[in-house]
Amino acid sequence: MKVTPHSRLQSRLNSVVFLLLLLSLVTGLAWLSQRYSSEFDWTRSGRHTLSEASIKILAELDAPLTITAFAREEPMLRTAIRNYLQSYQRVKPDIELTFVNPSTAPELVRERNISIDGELVLEYSGRRENVKTISEQSISNALQRLARGDERWIAFISGHGERDPLGEANHDLGEWTNFLSDNGFQIQPVNLNDLQTVPDNTQVMVLAGPRINLFPGEVELIADYLDNGGNLLWLLDPGKLHGLEPIADQLGLQLPDGVVIDHASQLLGVNDPTIVVAVEDMYGQHPINANFDYTTLFPFSRVIEITDATSAQDWQASRLIQTGDHTWLESGSTDNAAEFNMADERQGPLPIAYAFSRTPAPDASEQRVVVVGDGDFLANAYINNGGNIELGNRFMNWLSEDDDLIAIPARHAQDARLDLSTAQALIIGLGFLIVLPLGLFASGMMIWWRRRKRQ
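Report on the accompanying structure.

Topic: the sheet that holds strand β4 (residues 127-131)
Thinking step 1. Strand order in the open sheet formed by 4 strands is β2-β1-β3-β4, with mixed pairing between adjacent strands. The sheet is open, and its two borders are formed by β2 (95-100) and β4, each paired with just one other strand. With direction set aside, neighbouring strand axes in the sheet form an average angle of 20°.
Thinking step 2. Pairing analysis gives 5 bridges linking strand β3 (residues 119-124) to β4, with the strands arranged antiparallel. By the bridge assignment for β4, glutamate 123 is matched with arginine 128.

This is the structure we're talking about:
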């Protein structure tokens, strides 16, 4: 083809037009990427995607939400906070995120009660919640409290040697109630002998192992509370009921004497046979146990059974936790030498926790009760073992009718570790250390041989 000035001009014009079109395409794609984005969560547990419960909570917020992050001017910390909160902003675009350096705003830090670097302050419709842990559970729980706006009061019956809800001793419940307080619950010890009544704003009553007998009038107040539709958590330790027999009758409970023995716990390094270890297949079908796969420890537990009186009182009973086949109810010594006596003792599985529910009146809300044959599992000495604190939190969320909070899962990075069998590891090792280098060497030798032959 003959090259002419016209053809040269035409070629240059084509090149210029192509370049302009290419630049326009790149500019358009860049503009679209700023306005629209697509993300895909390929993690096994979906840890970068909000749960349905969190999305439902965000849908309840019909006003703008402001989040203030009190974080130092450290790029990695602020970027991590910003990236995590983007999953919430994608669902609710009117979430405004601002950062404050706590070093330069000490008055604001004191006013907002900031205690750690990276703490979040969520503000919605004039209400405020602090979040110290950056996780879906803590953030969504705070959003639920902001959306609800009311206070959840938990009345711990006191005055009879019960576990102190604010105490720091090993047998007290201080660590658990601190966790509940961080999640919006209001903790209040209540001495019925002084008040002569159950406070009207009580959402959940807790009976936590009295050591001396309650007065008949106090037991009557608790019974009336149950008759009127009150919610109850009863941490029922082995031994005497100390005057609470009428409450057991109201629920239709049968409470055999003895302590559950679990020698299989020694496989997990637990040398005390009175500590029952519960795993996933020991949890019953109930909203409290939904997606709950933690191991929990129950020291010094008793067996709880239901009778025909349970259904006669219109209670719907659900077994929450039962022990394994290898356990038994020991009526004698509970030391390491304890042995199962088939003639006199009951072999597992043995129920140690039940949930009860009923509708006391046609227009009333559902009444809920949880009875656990052990109070030590929530005590300061054991609360941080396994999933004990998570289970205690689930009990309280269900009893306070915050079912959505139960459904917010704790996200674990299940795909952050690559588990290989011995054969797979050997194949990969041989492939990279021997096969691949030999292949590259052979390829190089072949190329060298061909070039030499051409010469």
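Notes on the nonpolar core
Thinking step 1. Within the largest apolar cluster, 38 residues are counted, with the highest numbers of intra-cluster contacts made by Leu233 and Val370.
Thinking step 2. Counting residues per element, this core draws most heavily on helix α11 (residues 388-399), at 5 residues.
Thinking step 3. Those residues in contact with leucine 233, other than ones at most four positions away along the chain, are Trp176, Val204, Met205, Val206, Leu207, Val370, Val372, Phe395, Met396 and Leu399.
Thinking step 4. Leu207, Ala223, Leu232 and Leu241 belong to the second largest nonpolar core, which has 29 residues in total.

Concerning the pattern of salt bridges
Thinking step 1. All told, the structure shown has 12 salt bridges when counted by the stated rule.
Thinking step 2. The closest approach of N and O atoms between glutamate 123 and arginine 112, which form a salt bridge, is 3.5 Å. You can see glutamate 123 sitting in strand β3 and its partner arginine 112 sitting in the loop between α4 (106-111) and β3, a full 11 residues away along the chain.
Thinking step 3. By relative accessible area, which is 14% here, arginine 112 ends up buried.
Thinking step 4. Here glutamate 123 and arginine 128 are joined by a salt bridge, their closest N and O atoms 3.8 Å apart.
Thinking step 5. For glutamate 123, a relative accessible area of 22% corresponds to the partly exposed category.
Thinking step 6. Looking at arginine 128, the relative accessible area reads 38%, which means it is partly exposed.

Quick look at unusual backbone geometry
Thinking step 1. Although it is not a glycine, phenylalanine 300 sits at a positive phi angle of roughly 60°.
Thinking step 2. Its location among the elements puts phenylalanine 300 in the loop between β12 (296-299) and β13 (305-306).
Thinking step 3. Residue classification places phenylalanine 300 among the partly exposed residues on the basis of a relative accessible area of 35%.
Thinking step 4. Despite not being glycine, aspartate 314 has its phi angle at roughly 70°, a positive value.
Thinking step 5. One can find aspartate 314 in the loop between α10 (308-312) and β14 (316-322).
Thinking step 6. According to the relative accessible area criterion, aspartate 314 is exposed, its value standing at 55%.

Looking at a positive patch on the surface
Thinking step 1. A cluster of basic residues, Arg450, Arg451, Lys453 and Arg454, forms a positive patch at the surface.
Thinking step 2. By the element assignment, arginine 454 lies in helix α13 (residues 422-454).

Points about the packing of helix α6 (residues 174-182) against α11
Thinking step 1. Contact pair α6 / α11: the axes reach a minimum separation of 11 Å and the direction vectors enclose 55°. Classified by the angle their axes make, α6 and α11 are oblique. Classified by chirality, the crossing of α11 by α6 is right-handed. Side by side, α6 and α11 meet where Trp176, Phe179 and Leu180 of the first sit next to Ile389, Gly392, Asn393 and Met396 of the second.
Thinking step 2. Class assignment of the residues belonging to the contact of α6 with α11 gives a composition of 5 nonpolar, 2 polar and no charged.

Remarks on the pairing of strand β7 (residues 202-208)
Thinking step 1. Along β7, 6 of the 7 residues are buried, which leaves the element largely enclosed by surrounding structure.
Thinking step 2. Where strand β5 (residues 152-157) meets β7, 4 bridges bridge the pair, whose relative direction is parallel. In the sheet register, alanine 155 faces β7, and the bridge partner there is methionine 205.
Thinking step 3. Across 5 bridges, β7 lies against strand β8 (residues 231-235) in parallel orientation. The residue of β8 that forms the bridge with valine 206 is leucine 233.
Thinking step 4. Where the polypeptide runs from β7 across helix α8 (residues 216-227) and back to β8, its parallel neighbour, the crossover connection is right-handed.

Procedures and definitions
- Every chain begins its residue count from 1, and numbering advances along the sequence as written.
- Only residues with pLDDT of at least 70 get local features here, since the model is predicted, and only at 80 or more are side-chain atom pairs given and counted; chain-wide, interface and lining totals rely on the full set of residues.
- Processing note: side-chain calculations cover all non-hydrogen atoms of the structure and skip hydrogens and water entirely.
- What makes two strands pair is DSSP finding at least two bridges between them.
- Only DSSP runs of H or I covering at least 4 residues are called helices, and only runs of E covering at least 2 are called strands; the numbering of each starts at the N terminus.
- Axes here mean lines fitted to C-alpha atoms, for a helix over just the part in contact, with angles spanning 0 to 180 degrees between N-to-C directions.
- Each nonpolar core is a collection of buried residues, namely Ala, Val, Leu, Ile, Met, Phe, Trp, Tyr and Cys, held together in the definition by side-chain atoms within 4.5 Å.
- Summary of the burial criterion: residues with accessible area below 20% of their type's maximum are buried, those above 50% are exposed, and those between are partly exposed, where the area comes from a 1.4 Å probe applied to protein chains only.
- Contact definition: two residues touch when any of their heavy atoms are within 4.5 Å.
- The salt bridge definition used is simple: a Lys or Arg side-chain nitrogen within 4 Å of an Asp or Glu carboxyl oxygen.
- Only residues whose relative accessible area exceeds 30% and that form no salt bridge are eligible for patches; like-charged ones are grouped when within 9 Å, while nonpolar side chains (Val, Leu, Ile, Met, Phe, Trp, Tyr) are grouped when within 5 Å.
- The protein chains shown are the only cover counted for residues, whose accessible areas, like all others here, come from Shrake-Rupley with a 1.4 Å probe.
- The charge count includes Lys and Arg as positive and Asp and Glu as negative, but it does not include His or the ends of the chains.
- Positions of charges follow a simple convention, taking NZ of Lys, CZ of Arg, CG of Asp or CD of Glu.
- Oblique is the label for every angle not falling under 35 degrees (roughly parallel), over 145 degrees (roughly antiparallel), or within 65 to 115 degrees (roughly perpendicular).
- Here a crossing is taken to be left-handed if its near helix is turned anticlockwise relative to the far helix by less than a right angle, and right-handed if that turn runs clockwise.
- Each residue receives one of three labels: charged for Asp, Glu, Lys and Arg, nonpolar for Ala, Val, Leu, Ile, Met, Phe, Trp, Tyr, Cys and Pro, and polar for the others, Gly being one of them.
- Look down the strands so they point away from you; if the path from the first strand over the helix to the second goes clockwise, the crossover is right-handed.

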